[in-house]
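A structural walkthrough
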Amino acid sequence: NSFLLTFDDGLIDHWERVLPVLEKHDLKAVFAPIGDPYVNSRVPFVQKNQVIRGRVGEDRLPDLFIETAQRIAPDVEVRRLIEQASVSKAYPGSETYLKYKHAINSTIPWELGTEVMDSLFSDIIGDEEAFISEQYMTARQIVELRAMGHTIASHTMRHVSLPRLSRAQQVEE
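Residues numbered from 1 in each chain as written. Predicted model: local features only at pLDDT ≥ 70, side-chain atom pairs only at ≥ 80, totals over all residues. Heavy atoms only, no water.

Regarding the overall build of the chain
Heads up, the rule is: In this description a helix means any DSSP run of H or I spanning at least four residues, a strand means any run of E spanning at least two, and both kinds are numbered starting from the N terminus. The cut-offs for exposure are 20% and 50% of the maximum accessible area for each residue type, with area from a 1.4 Å probe on protein chains only; residues under the lower value are buried, those over the upper are exposed, and the others partly exposed. Positive: Lys, Arg. Negative: Asp, Glu. His and the chain ends are not part of the count. By convention, charge coordinates are those of NZ in Lys, CZ in Arg, CG in Asp, or CD in Glu.
Per the secondary structure count, the chain includes ten helices and three strands. Dimensions of the chain, computed from C-alpha atoms along their principal axes, come out at roughly 55 × 40 × 35 Å. Buried positions account for 39% of the 173 residues belonging to the chain. Separation of charge centres in the chain, based on 19 positive and 26 negative side chains, amounts to 4 Å.

Observations regarding the nonpolar core
Rules: The definition of a nonpolar core used throughout is a set of buried Ala, Val, Leu, Ile, Met, Phe, Trp, Tyr and Cys residues joined through side-chain atoms within 4.5 Å. Residue contacts follow a heavy-atom distance rule, with two residues in contact if any of their heavy atoms lie within 4.5 Å.
Within the largest apolar cluster, 29 residues are counted, with the highest numbers of intra-cluster contacts made by Phe65, Val78, Ile82, Tyr100, Ile108 and Leu120. Mapped onto this core, the elements with two or more residues apiece are helix H3 (45-56), helix H4 (61-72), helix H5 (78-83), helix H6 (95-106), helix H7 (110-124) and helix H8 (128-135). A per-element tally of this core places H7 first, with six residues. Non-local contacts of tyrosine 100, meaning those with residues more than four positions away in its chain, are made with Asn49, Leu61, Pro62, Phe65, Ile82 and Met117. With eleven residues, the next largest nonpolar core counts Phe7, Val18, Phe31 and Met137 among its residues.

Points about the environment of methionine 157
Within the fold, methionine 157 resides in the loop between strand E3 (151-152) and helix H10 (167-172). Each C-alpha atom, one on methionine 157 and one on proline 33, is 8.7 Å from the other, the two residues being 124 residues apart in sequence. Setting aside residues up to four positions removed in sequence, methionine 157 forms contacts with Ile34, Gly35, Asp36, Val39 and Glu173.

Things to note about H4
Basically, it comes down to this: By definition here, a helix of n residues has an expected span of 1.5 Å times n minus one.
Here H4 contains twelve residues, and its C-alpha end-to-end distance of 16 Å stays within 8% of the 16 Å for a straight helix at 1.5 Å per residue. Every buried residue of H4 is listed here: Leu61, Pro62, Leu64, Phe65, Ile66, Thr68 and Ala69.

Comments concerning the layout of surface pockets
It is the rolling of a water-molecule-sized probe over the atoms that shows where space remains empty. Rules: Residues are said to line a cavity or pocket when one of their atoms sits within 4 Å of a point; the points come from a 1 Å grid over protein atoms alone, cavities being sets where a 1.4 Å probe fits but cannot get out and pockets being open sets with protein on both sides within 12 Å along at least five of seven lines. Grid points are joined across faces, edges and corners, and a volume is the space filled by probe spheres set on the points. Amino acids are sorted into nonpolar (Ala, Val, Leu, Ile, Met, Phe, Trp, Tyr, Cys and Pro), charged (Asp, Glu, Lys and Arg) and polar (every other residue, Gly among them).
There is about 330 Å³ of room inside the largest pocket. Val46, Tyr91, Lys101, His102 and Asn105 are, among the 18 residues lining the largest pocket, the residues nearest its centre. At the level of secondary structure, the elements contributing two or more residues to the lining of the largest pocket comprise H3 and H6. Take the lining of the largest pocket: its biggest share by element is six residues, from H6. For the lining of the largest pocket, the residue count by class is eight nonpolar, eight polar and two charged.

Observations concerning the sheet that holds strand E2 (residues 30-33)
Just so we agree on the cut-off: Criterion used throughout: strands pair if DSSP finds at least two bridges between them.
The parallel open sheet is built from three strands, whose spatial order is E1-E2-E3. Looking at strand neighbours, the two that pair on one side only are strand E1 (6-9) and E3, the edges of this open sheet. As paired strands, E2 and E3 are joined by two bridges and run parallel to one another. Along E3, the bridge assignment pairs valine 30 with threonine 151.

Here's the deal with the pattern of salt bridges
Quick reminder of the rule: The working definition used for a salt bridge is a side-chain nitrogen of Lys or Arg within 4 Å of a carboxyl oxygen of Asp or Glu.
A full pass over the atoms with the stated rule returns ten salt bridges. Between glutamate 144 and arginine 140 there is a salt bridge whose closest N-O contact spans 3.5 Å. Separated by four residues within a single helix, glutamate 144 and arginine 140 lie in helix H9 (residues 139-147), roughly one turn from each other. Look at glutamate 144 and you get partly exposed, because its relative accessible area is 32%.

Points about H9
For the record, the criterion: When we speak of the arc, we mean the arc of directions from the helix axis to the C-beta atoms.
Of the positions making up H9, those classed as buried are Gln141, Ile142 and Leu145. Angular distribution of buried residues about the axis of H9 spans 100°; they occupy a single face of the element. Across H9 from its buried face, at more than 90 degrees, point the exposed residues Arg140, Val143, Arg146 and Ala147. Among the structural elements, helix H1 (12-24), E2, helix H2 (36-39) and E3 are those in contact with the buried residues of H9. Trailing H9 by a residue or two, glycine 149 shows a phi angle of about 100°, which is positive.

On their own, these measurements won't tell you what the molecule is for.
Shown next, in the form of structure tokens:
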């Protein structure tokens, strides 16, 4: 007869929409922001991907990713890596998007994927710092959540796929 509410990433929605409901019902929750927006003024890769996907559509995003990757690193066969990726039916989405998602999380070199996503985000969405100020809670709001009795946890520094990291990198995250 118990439950635990958790809210990941540190999004402003949690402050504006979730917190009033929690207060109305006298509930406490765990809030787990990602560190990168606060420490390095960077939007994490996974969220850049989600925002761009929402803007251009899930079937257009892989093509844009491939085009940008070919410009940045023409020697890396990104198209082949995506085409050969396995598809998990555990997640919703088109086969095209699911192959792309698997490839960016496991076979495309992380540094290249990050550079491509940074370029796409800049071109399609715009300034990262402006995005952060619009979409994430402030550090002060997170401190206030703690003062209200909520638990603050870490959702890693960069919201990366931990299995693809070394043990030392996992600890750093």
